[in-house]
Amino acid sequence: MYRLTDAQRARVRELLSRMTLEEKIGQMNQESMSIVGGFDVPFEELIEMLTDGRLPKEEFDKIMSTAKTDYHEDEVREGLVGSLMVQDAEKYNELQHIAVEESRLGIPLLIGLDVIHGFRTVYPIAIAEAGTFDEKLFQRTAAMAAKESRSQGINWHFAPMVDVARDARWGRVSEGPGEDTRLASRFARAKIQGLQGDMSSPENYVAACLKHYVAYGACESGRDYNTASMAPAQLYNVYLPPFRAAVEAGAATVMASFNDLNGVPCTVNRLTLRQILKGEWKFPGLVVSDANAIRECVNHGIAADQYDAGVQAANAGMDIDMGTRIYIKELKRAVEEGKVPLSVIDEAAERILSVKMWLGLFEHPYVSPELAARYETLPEAHLALAREAGERSIVLLKNENGLLPLDKSKKISLVGKLAAERTEVVGAWALSWRESDCVSIQDGFDNAGANYRYFPCCGPEGELDQAQLEEAAAWGDVIVAVVGETTAMSGEASSKADITLPGKQRELLEKLLAGGKPVAALLMNGRPLALEWESVHVPAILECWHLGVQMGNAVASVLFGDRAPEGKLASSFPRMTGQCPIYYSHPNTGRPGGKGKFTSRYLDAGWEPLYPFGYGLSYTEFAYDGLEVKDAGDTLMVSVDVRNTGSRPGVETVQLYTRDVTASIVRPVKELKDFAKAALAPGEQKRVTMAVQKNDLGFFNDAGQYVLEDGKFIVYVGGNSRDCLSQEIEVTF
Ligand code: BGC
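Residues numbered from 1 in each chain as written. Predicted model: local features only at pLDDT ≥ 70, side-chain atom pairs only at ≥ 80, totals over all residues. Heavy atoms only, no water.

### Digging into the overall build of the protein
Now for step 1: Helices and strands together make up the secondary structure of the protein, namely 23 helices and 27 strands.
Now for step 2: Over its C-alpha atoms the protein spans a radius of gyration of 26 Å, differing by no more than 12% from the 27 Å that the globule rule assigns to 733 residues.
Now for step 3: For the protein, the spread of C-alpha atoms along the three principal axes comes to 75 × 65 × 50 Å.
Now for step 4: Counting all 733 residues of the protein, 60% fall into the buried class.
Now for step 5: Taking as baseline every contact in the protein between residues at least 6 positions apart, the subset at least 24 positions apart corresponds to 77%.
Now for step 6: Of the roughly 27,100 Å² of accessible surface on the protein, 49% is carried by carbon and sulfur atoms.
Now for step 7: Taken together, the 77 basic and 102 acidic charged side chains of the protein have centroids lying 4 Å from each other. (Helix = DSSP H or I, 4+ residues; strand = E, 2+ residues; numbered from the N terminus. Rg over C-alpha atoms; globule rule 2.2 N^0.38 Å. Buried < 20%, exposed > 50% of the residue type's maximum accessible area, 1.4 Å probe, protein only. Contact = heavy atoms within 4.5 Å. Areas by Shrake-Rupley, 256 points an atom, 1.4 Å probe, with all protein chains shown as cover. Lys, Arg positive; Asp, Glu negative; His and termini not counted. Charge placed at Lys NZ, Arg CZ, Asp CG, Glu CD.)

What follows is the structure in structure tokens.
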């Protein structure tokens, strides 16, 4: 929980009273290391030139060999930098020393980094981990990452990313908790608890940064950085709640998103920043822009020039400028010219200093050598947690005739380049891992002692090796084909217009299947894929995502049956890319999708996803019965019998959805309200009970007011968002 004591608050105020305007603005400036050398263009442009071919690779390498990294030591000394991005303890201590010992007021630096799903111990990407529906796990992995990164001085994570994302074309679906607002809210809350703890031992915790505020996941057509527009009710009901939940859980910082929302970039958006976040929600922490976003307001066409962009951002409540230096260049003049009130600068500086005070940086600015070395070798407990998280994130999509689990003593042809690539297990936005810690799927086969031979054949890119394929098809009694996307195909700036299996991988599967041996496909990817063909032809499909450093061991446990799959999809899988965005919690039309011609559907893809939100099989089966919904005053008590009807143990995620049948605005056909885990031995039955607060059955209208309307509701309970038992109930508030 982000909260300062009275004494801390008083210290911040006292410090503030001694600061010059320049020093206050300095706190609002965030630098990242820059590469400087014998080139005339900014480093970012150099990268662009390399990417678009203007600069040959050899030229680039030559330039880089003489380039130097600039950490802006001089500006830190002058008090013109409030925060920086650094990755290791040595550099951290060096810079912190300059800030604390050599700057006039000795104000320590905030050091931020993108620690999205783990630091050295990388655990599953968020969209995978969210599918465990386990808040304790979300919290445990976050706490592990916080400890590891703080040991290197990183005291601020640019995480969690809690954007509701409903369009699988958007590459950043990998980084967040998926399509559902309730699951995202629980995820957000748990991550804040894990990252920030209670600050009783600051060396174990960091300040969290909720991002990207807001509606970044609603970017039009799934294209990154694109515009987002929506009615206020949708903003309030779908996109804001995860942020609000995390603010209520005590998040210390928030990052604004790149996109414009209804015509106003979130970087300069007074409605979302001043009115909602800092006003209605009384958020006490600091707000940072996304990288270079203040300057980009000129590109958006909302600011005439950099000065104007800086003025608008500061006045909208943007406390820190990430990366553009516009604040240090322009804000002093803006204050002098009366364009930005001094109170805006004071407020921002106070918020920033408060976070530093709360983090304990004034008392303990440095990292000790013992702390810095603590996680040098990844501790057993961290590896075990990464493995557990990996195993439990795997989703079984199809298992014809009980092909899985495999008997590891059978001859297995392991196919696919991704199976052996250690660097591909960590997924997008993992920055601080080491290849030597990564366990590929092939390594996992070795560690499990499987009887296999490996045939790379092909990967997401490049050609198919026909000879290897024929050998693979001939050798094994069963074939395990690892297919999917490279890490670079999801994450930031990685939107795709076609989300079927890339490259020659479909052909690989076709040819392997033609050989007549049973084929299990293991998917490695960072977004839902369009797998209609595979769902028809491939007998077994395991969605393995990017599971982190323990990926290979986690996959082997599930594939060979040491642990039953229990993951569920946090995001619907479309049949065809053209169905995107597709999500279970959609408002109904006047002509709900159906078989008839004049219904809301596609002629070539129907209206339903291939695999819906919440879907995931086990090696056993679960039956639901005896749904009972009781009105208990302020709550609805919902109970259901869940029975393991198969012959193996398993864990089921029981999901509770509701529908408001008639309301003053069109409401979603289903909304997740709660979920519970049931671990069941073969033949075992449990009665699972969940309580829904009645005041959780309301919704926001276009004026941003939360309303509760009496009437008929349907309660659904099941193992996914499609296949549920249901019961109607009249609710009065
Ligand atoms: C991303 C943010 C990230 C920031 C700093 C931006 O490009 O959108 O998610 O935190 O860079 O690395």
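### A closer look at the site of the ligand
Now for step 1: Close contacts around the ligand come from 13 residues, with Asp 114, Arg 172, His 212, Asp 290 and Glu 492 the closest.
Now for step 2: Interatomic distance of 2.8 Å between a side-chain N/O atom of Lys 211 and an oxygen atom of the ligand.
Now for step 3: At 2.8 Å, a side-chain N or O of Glu 492 approaches an oxygen atom of the ligand.
Now for step 4: Here the ligand loses 91% of its free accessible area of 310 Å² to cover by the protein chains. (Near = heavy atom within 4 Å. Polar contact = N/O pair within 3.5 Å; in protein donor to acceptor, adjacent residues only side chain to side chain.)

### A closer look at the nonpolar core
Looking at soluble globular proteins, one finds that nonpolar side chains tend to be buried together.
Now for step 1: The biggest cluster of nonpolar side chains holds 213 residues, and the ones touching the most others in it are Tyr 213, Leu 397, Leu 404, Ile 441 and Phe 445.
Now for step 2: Broken down by element, the residue count for this core peaks at nine residues, all from helix α16 (residues 342-358).
Now for step 3: Leaving out residues up to four positions away in the same chain, Phe 445 has contacts with Ile 412, Leu 414, Ala 450, Tyr 452, Val 480, Leu 559 and Phe 560.
Now for step 4: If you look at the next biggest cluster of nonpolar residues, it comprises 22 residues, including Leu 627, Val 638, Val 654 and Phe 713. (Core = buried A, V, L, I, M, F, W, Y, C linked by side-chain atoms within 4.5 Å.)

### Comments concerning the pairing of strand β20 (residues 635-644)
In regular strands, side chains alternate between the two faces of the sheet.
Now for step 1: Of all the ten residues making up β20, eight are buried; the element is thus mostly covered by neighbouring parts of the structure.
Now for step 2: Of the pairings in the sheet, the one linking strand β19 (residues 622-632) to β20 comprises nine bridges and is antiparallel in character. Within β20, the residue paired with Val 629 across the bridge is Val 638.
Now for step 3: Once β19 ends, the chain turns through two residues before running back antiparallel as β20, passing Gly 633 with a positive phi of about 80°. (Pairing = 2+ DSSP bridges.)

### Details of the domain arrangement of the protein
Now for step 1: By domain assignment, the protein separates into domain 1 (6-33 + 73-372), domain 2 (35-70), domain 3 (385-579) and domain 4 (622-731).
Now for step 2: A separation of 35 Å is found between the C-alpha centroids of domain 1 and domain 4.
Now for step 3: Buried surface at the junction of domain 1 and domain 4, both sides included, amounts to about 1,200 Å², of which 55% is carbon and sulfur.
Now for step 4: Sorting the residues of domain 1 by area buried against domain 4 places Phe 133, Arg 182 and Asn 237 first, and these three jointly supply 46% of that buried surface.
Now for step 5: With a shortest N-O distance of 3.3 Å, Asp 674 and Arg 186 are connected by a salt bridge.
Now for step 6: Taken together, the links from domain 1 to domain 4 amount to seven residue pairs in polar contact (both at pLDDT 80 or more).
Now for step 7: Counting residues per element, the side of domain 1 that touches domain 4 draws most heavily on helix α10 (residues 232-239), at four residues.
Now for step 8: Across the side of domain 1 that touches domain 4, the residue classes break down as six nonpolar, two polar and five charged. (Domains from an automatic or database assignment. Buried area = accessible area lost by both parts, 1.4 Å probe. Salt bridge = Lys/Arg side-chain N within 4 Å of Asp/Glu carboxyl O. Nonpolar A, V, L, I, M, F, W, Y, C, P; charged D, E, K, R; others polar.)

### What to know about the state of the cysteines
Now for step 1: With the rule as written, the count across this model stands at zero disulfides.
Now for step 2: Between Cys 219, a cysteine without a disulfide, and Cys 580, which holds the nearest cysteine sulfur, the sulfur-to-sulfur distance is 12 Å.
Now for step 3: Exposure remark for Cys 219: the relative accessible area of 3% places this residue in the buried category.
Now for step 4: Looking at Cys 580, the relative accessible area reads 8%, which means it is buried. (Disulfide = S-S within 2.5 Å.)

### Describing the layout of surface pockets
Now for step 1: As a volume, the second largest pocket reaches approximately 1,100 Å³.
Now for step 2: If you go around the second largest pocket, you meet 38 residues; those closest to its centre are Thr 181, Tyr 236, Asn 237, Pro 241 and Phe 700.
Now for step 3: Mapped by element, the contributors of at least two residues to the lining of the second largest pocket are α9 (181-196), α10, α11 (241-248), β22 (671-680) and β24 (699-700).
Now for step 4: Looking at side-chain class alone, the lining of the second largest pocket contains 19 nonpolar, seven polar and twelve charged residues.
Now for step 5: Summarising the domain contributions, the lining of the second largest pocket has at least three residues from each of domain 1 (6-33 + 73-372) and domain 4 (622-731). (1 Å grid on protein atoms, 1.4 Å probe; cavity = no way out; pocket = protein on both sides within 12 Å on 5 of 7 lines; lining within 4 Å. Points joined across faces, edges and corners; volume = space filled by probe spheres on them.)

### Section: the side chain of Ser 571
Now for step 1: Structurally, Ser 571 is set in the loop between α23 (551-559) and β19.
Now for step 2: Of the residues examined, Ser 571 reaches a relative accessible area of 5% and is grouped as buried.
Now for step 3: Apart from residues no more than four positions distant in its own chain, Ser 571 is found in contact with Ile 127, Ala 165, Glu 179, Pro 528 and Phe 613.

### Observations regarding the sheet that holds β19
Note on sheets: strands pair through backbone hydrogen bonds, and any given pair is parallel or antiparallel.
Now for step 1: Here we have three strands laid out as an open sheet, ordered β19-β20-β23, and antiparallel in their pairing. At either end of the open sheet lies a strand with only one pairing partner, and these are β19 and β23 (685-693). On average, each strand axis in the sheet is inclined to that of its neighbour by 20°, with strand direction left out of account.
Now for step 2: Where β20 meets β23, nine bridges bridge the pair, whose relative direction is antiparallel. Note that in β23 the partner of Val 638 across the bridge is Met 690. (Axes fitted to C-alpha atoms, helices over the stretch in contact; angles between N-to-C directions.)

### What to know about unusual backbone geometry
Now for step 1: That bond from Tyr 213 to Val 214 is cis: its omega, 10°, falls within 30 degrees of zero.
Now for step 2: Within the element layout of this structure, Val 214 appears in the loop between β7 (207-213) and α10.
Now for step 3: Omega for the bond connecting Leu 404 with Pro 405 falls within 30 degrees of zero, at 0°, which places this linkage in the cis form.
Now for step 4: Considering the arrangement of structural elements, one finds Pro 405 in the loop between β13 (395-399) and β14 (412-415).
Now for step 5: One non-glycine residue, His 72, adopts positive backbone phi at about 65°.

### Description of the sheet that holds strand β15 (residues 452-455)
Now for step 1: Taken together, six strands build an open sheet; the order of strands is β13-β18-β17-β16-β14-β15 and the sheet is mixed. This sheet does not close on itself; its edge strands, each paired only once, are β13 and β15. In this sheet, neighbouring strand axes are inclined to one another by 20° on average, regardless of whether the strands run parallel or antiparallel.
Now for step 2: Strand contacts of helix α20 (residues 466-475): β14, β15 and β16 (478-484), with the helix running at about 160° to β15, the strand carrying the most contacts.

### Re the side chain of Arg 169
Now for step 1: Looking at where Arg 169 falls in the secondary structure, it is placed in the loop between β6 (156-157) and α9.
Now for step 2: A polar contact of 2.7 Å, which involves the side chain of Arg 169, links it to the side chain of Asp 167.
Now for step 3: A polar atom in the side chain of Arg 169 sits 3.4 Å from the backbone oxygen of Ser 221.
Now for step 4: Beyond its immediate chain neighbours, meaning those up to four positions away, Arg 169 contacts Ser 221, Gly 222, Ser 494, Ser 495, Lys 496, Ile 499, Arg 527, Thr 577, Cys 580 and Pro 581.

### Concerning the pattern of salt bridges
Now for step 1: Inspection of every chain in the model, using the stated rule, returns 56 salt bridges.
Now for step 2: As a salt-bridge pair, Arg 392 and Asp 134 come within 2.7 Å of each other at their nearest N and O atoms. Taken together, the residues Arg 392 in helix α18 (residues 380-393) and Asp 134 in the loop between α7 (126-130) and α8 (135-150) connect sequence positions 258 residues apart.
Now for step 3: Here Arg 189 ties to Glu 135 by a salt bridge, and the two come within 3.1 Å at their closest N and O atoms. Of the two residues, Arg 189 is situated in helix α9 and Glu 135 in helix α8; the sequence distance between them amounts to 54 residues.
Now for step 4: Residue Glu 135 is classed as partly exposed on the basis of its relative accessible area, which comes to 23%.
Now for step 5: Ionic contacts of the salt-bridge type, sharing partners, join the residues Asp 134, Arg 140, Arg 387, Glu 388, Glu 391, Arg 392, Arg 563, Glu 566 and Lys 677 into one network.

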